[in-house]
Amino acid sequence: MSTEHERTPSPTISEVAAAAGVGRATVARTLGGYGSVSPKTRDRILAAARELGYRPNSIARSMTTGETRILGVVLADVGNPFFAGVLRGISDAARTADYDVIVLSTDERLQREAAAIDVLVDKQVDGIILAPAAGRRDPLPHLDIVTKREIPLVLLDRLVETVEADAVVINNREASRAAVTSLIENGHRRIAFVWGPVTNEPAADADDLRRIIDHALWSDGERLLGYLDALELAGIPFDTGLVTHVIKNEPQATRAVLGMLSLSDPPTAIFATETDALTGSLRAIRQRGLRCPEDVSLIGFDDSSWASVMTPPMSVVAQPMHQLGELTAECLLGRIAGNDAPFATHVLQASFVERESVAHV
């Protein structure tokens with residue numbers, strides 16, 4: 001006995017062929033998007049498929065055409081507002097090109113990244129977008145299978161010098177330098193940086209910090225280099241005690257900033273380069289009974305609706321998140337379509353949005 005919850009069997013190619021009055025091979029060519037079919041016949045087949053509610057079998061289609069029309073996306077944290085905004089751009093571009101998207105998250109762990117790549121290769125995706133969890137000079141042997149199978153790959157947000165691929169990033173170093181320079185122009189000399197690279201031992205001096213950067217995430221390193229650039233240009237000595245080296249989460253940011261605010265010569269301003277770094281900094285400021293910006297000025301990285309309505313409205317470096325994702329997907333789709341131009345790194349421009357979280361001292 002059937003119920004209203006039973007699924008109706010999907011119509012077959014044979015049923016579509018019978019309804020359109022053509023052979024199965026002609027229907028397969030039409031619905032699979034390969035071979036030659038006259039426009040009149042194609043229209044008749046598509047009309048019959050719509051009327052019957054035919055849904056193509058993606059596995060069968062991939063066996064016939066060699067394409068799954070699926071893009072694989074490997075991100076650090078899909079819950080991060082930055083990556084959520086980027087993913088929207090990827091999804092919009094993919095949908096426009098009639099591609100689906102599989103998204104996997106690594107939590108910045110190389111082991112999970114390797115496992116994610118294996119999943120996408122097994123799924124026979126047509127191309128992969130990767131926000132690598134590796135440092136800028138680290139080897140990525142788990143990408144060897146991607147190269148071997150000639151699966152198009154585009155790096156997102158971060159560069160890795162050992163990987164030859166297209167990449168889409170922002171001008172992190174310049175954007176960071178501009179943000180810190182704005183603090184310096186407002187009279188600040190004690191400027192904290194959250195996040196620095198994760199290390200067991202803090203850097204002894206600026207040169208030591210630059211060596212550590214070589215093994216940090218590219219985007220983290222570039223933002224820190226921009227901070228150092230701004231200090232050097234203004235003749236402000238670097239203080240290792242004003243750069244965090246903790247694991248990246250809000251509680252650790254709060255703990256680190258509380259320590260900085262307890263120094264005998266505490267920072268008068270903080271540059272927080274991710275959302276958790278910003279919220280952790282705000283929490284620390286409030287736990288110390290301080291006010292922003294009267295006691296401590298603050299600049300964040302990434303704009304959002306809440307940044308403009310909080311008290312005070314937050315000055316931020318705004319990344320073009322949707323554009324970043326959209327361009328990354330378009331680069332990948334171009335490679336899938338056969339673009340064989342030399343690999344290129346596309347650099348989008350971030351912008352500094354000045355609001356009310358910075359005071360003049």
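The structure we're discussing is the one just above.
Residues numbered from 1 in each chain as written. Predicted model: local features only at pLDDT ≥ 70, side-chain atom pairs only at ≥ 80, totals over all residues. Heavy atoms only, no water.

**Student:** Got a minute to help me understand the packing of helix α9 (residues 206–213) against helix α10 (residues 218–234) in this structure?
**Tutor:** The description of two packed helices rests on the angle between their axes and on the distance between the axes. Interhelical geometry of α9 versus α10 gives an angle of 160° and a closest axis separation of 10 Å. Taken together, the axes of α9 and α10 are roughly antiparallel relative to one another. Crossing angle aside, the handedness with which α9 passes α10 is left-handed. From α9, L209, R210 and I213 reach across to α10, where they touch G221, L224, L225, L228 and E232. Grouping the constituent residues of the contact of α9 with α10 by class yields 5 nonpolar, 1 polar and 2 charged. (Axes fitted to C-alpha atoms, helices over the stretch in contact; angles between N-to-C directions. Helix = DSSP H or I, 4+ residues; strand = E, 2+ residues; numbered from the N terminus. Parallel < 35°, antiparallel > 145°, perpendicular 65-115°, else oblique. Left-handed = near helix turned anticlockwise from the far one by under 90°. Contact = heavy atoms within 4.5 Å. Nonpolar A, V, L, I, M, F, W, Y, C, P; charged D, E, K, R; others polar.)

**Student:** Would you explain the layout of surface pockets in this entry?
**Tutor:** Rolling a probe over the atoms, with the probe sized like a water molecule, indicates the empty space that remains. Roughly 760 Å³ of internal volume is contained in the largest pocket. Taken together, 33 residues make up the lining of the largest pocket; nearest its centre are E108, R158, L217, K248 and E274. Of the residues in the lining of the largest pocket, the class split is 13 nonpolar, 7 polar and 13 charged. Empty space within the second largest pocket amounts to approximately 320 Å³. Lining of the second largest pocket is provided by 16 residues; of these, T147, I151, L153, E164 and F343 occupy positions nearest its centre. Looking at the lining of the second largest pocket, the element that brings in the most residues is helix α7 (residues 144–148), giving 3 residues. Taken together, the residues that form the lining of the second largest pocket break down as 9 nonpolar, 2 polar and 5 charged. (1 Å grid on protein atoms, 1.4 Å probe; cavity = no way out; pocket = protein on both sides within 12 Å on 5 of 7 lines; lining within 4 Å. Points joined across faces, edges and corners; volume = space filled by probe spheres on them.)

**Student:** When you look at the sheet that holds strand β9 (residues 315–318) in this model, what are you seeing that I'm missing?
**Tutor:** The strands making up a sheet associate through hydrogen bonds between their backbones, and the pairing can be parallel or antiparallel. Here 5 strands make up an open sheet; going across it, the order is β6-β7-β8-β9-β11 and the pairing mixed. Where the open sheet ends on each side, the last strands, each with one partner, are β6 (191–194) and β11 (351–353). Averaged over all pairs of adjacent strands, the angle between strand axes in this sheet comes to 15°, irrespective of strand direction. With 3 bridges joining them, strand β8 (residues 297–301) and β9 adopt parallel strand pairing. Paired with F301 across the strands is V317, a residue of β9. Relative to β8, helix α12 (residues 275–287) is tilted by about 160°, and along the sheet it contacts β6, β7 (269–272) and β8. (Pairing = 2+ DSSP bridges.)

**Student:** What exactly am I supposed to notice about the side chain of S315 here?
**Tutor:** Note that S315 resides in strand β9. In contact with S315, other than residues within four places in its own chain, are L298, I299, G300, F352, V353, E354, R355, E356, S357 and V358.

**Student:** Can you help me understand unusual backbone geometry in this one?
**Tutor:** Negative phi values dominate among residues other than glycine, just as trans dominates among peptide bonds. Cis geometry marks the peptide bond from C292 to P293; its omega dihedral reads 10°. Note on placement: P293 falls in the loop between α12 and β8. Going from T311 to P312, the amide bond is cis rather than trans, its omega being -5°. If you trace the backbone, P312 turns up in the loop between α13 (305–309) and β9. Of note, the phi angle at D98 is positive, near 65°, even though the residue is not glycine. Inspection of the secondary structure puts D98 in the loop between α5 (81–96) and β2 (100–105).

**Student:** Any chance you could explain the pairing of strand β4 (residues 153–156) here in plain terms?
**Tutor:** Moving residue by residue along a regular strand, the side chains alternate between the two faces of the sheet. Across the two faces of β4 the burial is the same, with L153 and L155 and V154 and L156 all buried. Pairing of β4 with strand β5 (residues 166–170) involves 3 bridges; the strand directions are parallel. Of the residues in β5, the one forming a bridge with L155 is A167. (Buried < 20%, exposed > 50% of the residue type's maximum accessible area, 1.4 Å probe, protein only.)

**Student:** Help me understand empty space enclosed by the protein in this model?
**Tutor:** Applying the stated criterion across every chain, the model contains 1 cavity of 30 Å³ or more. Roughly 60 Å³ of volume is contained in the largest cavity. Considering the residues around the largest cavity, the lining is formed by P81, F82, T275, L278, D302, D303, S304, W306 and M321. Listing elements by their share of the lining of the largest cavity, those giving two or more residues are α5 and α12. Grouping the amino acids of the lining of the largest cavity by side-chain chemistry returns 5 nonpolar, 2 polar and 2 charged.

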